[in-house]
Amino acid sequence: VAGTVEILDSSGSLRAVHAVGQVAESSVDEIPVATYDAPLSLGEAEHPHNEWILLVTVSNHHPAEGGLWRVPTLRSVEEAQRQYRWAHFTHHMLFGVLMIIGIYHLILYGLRGDSRIALYFGALVLVVAGRLWSMGIAQELEVGLSQGGYKLLRQVEYASMPLIVMMFSLYLGDILN
């Protein structure tokens, strides 16, 4: 998605503007962002009545995943940042564990190549790790901030689902035989 979020207080005063991706006149020039869940700050001063107006402008060039994915929630910046950090910590830990397990099973297959169970399981786990990387971690590394990077992330994401099914089928078939 590409767009902006403008945060106004109840009197109509603009408090903050947050841009996501790069909005353009055409889909060729636009650079969308696959996922965006960073906390947005309302500014330093608090409004006495805690009434806010959120104006969300979202691009419609990418309708398959366009629009808001989650309901916006208003909470303290500290709580939002804590939740954001925890979510990214768990994603990074899961990615690391999946990479270690996948590489470990590929090494096991290399050392004893008589059974392909370790090969299929290692490949399955690495494909799941690749999907996790393409759907979030790569954006933190700013891989998807260009047309080519965004296209690469989408290709990895879309290719991962059939690969997961194929690797799981091969793994299950080898276990049952």
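Whatever comes next refers back to the structure up there.
This report concerns the structure included in the present document. (Residues numbered from 1 in each chain as written. Predicted model: local features only at pLDDT ≥ 70, side-chain atom pairs only at ≥ 80, totals over all residues. Heavy atoms only, no water.)

A short note on the packing of aromatic side chains
Thinking step 1. Scanning the entire structure with this criterion turns up two aromatic pairs.
Thinking step 2. Taking 5.6 Å as the distance between ring centres and 35° as the angle between the ring planes, the aromatic pair formed by Trp86 and Phe89 counts as tilted. Residue Trp86 and its partner Phe89 are both found in helix α1 (residues 77–111); the two are separated by three residues, about one turn of the helix.
Thinking step 3. Ring geometry for Phe121 versus Tyr171: centroids 5.3 Å apart, planes at 45°, classification tilted. Here Phe121 is found in helix α2 (residues 117–140), whereas its partner Tyr171 is found in helix α3 (residues 147–176), with 50 residues between them in sequence.
Thinking step 4. The class of Phe121 is partly exposed, set by a relative accessible area of 23%. (Phe/Tyr/Trp six-rings, centres within 6.5 Å; stacked < 30°, edge-to-face > 60°. Helix = DSSP H or I, 4+ residues; strand = E, 2+ residues; numbered from the N terminus. Buried < 20%, exposed > 50% of the residue type's maximum accessible area, 1.4 Å probe, protein only.)

Remarks on the pattern of salt bridges
Thinking step 1. Applying the stated criterion to the full structure yields one salt bridge.
Thinking step 2. A salt bridge links Arg154 to Glu157, with the shortest nitrogen-to-oxygen separation between them at 2.6 Å. With Arg154 and Glu157 both in helix α3, this residue pair falls three residues apart, about one helical turn. (Salt bridge = Lys/Arg side-chain N within 4 Å of Asp/Glu carboxyl O.)

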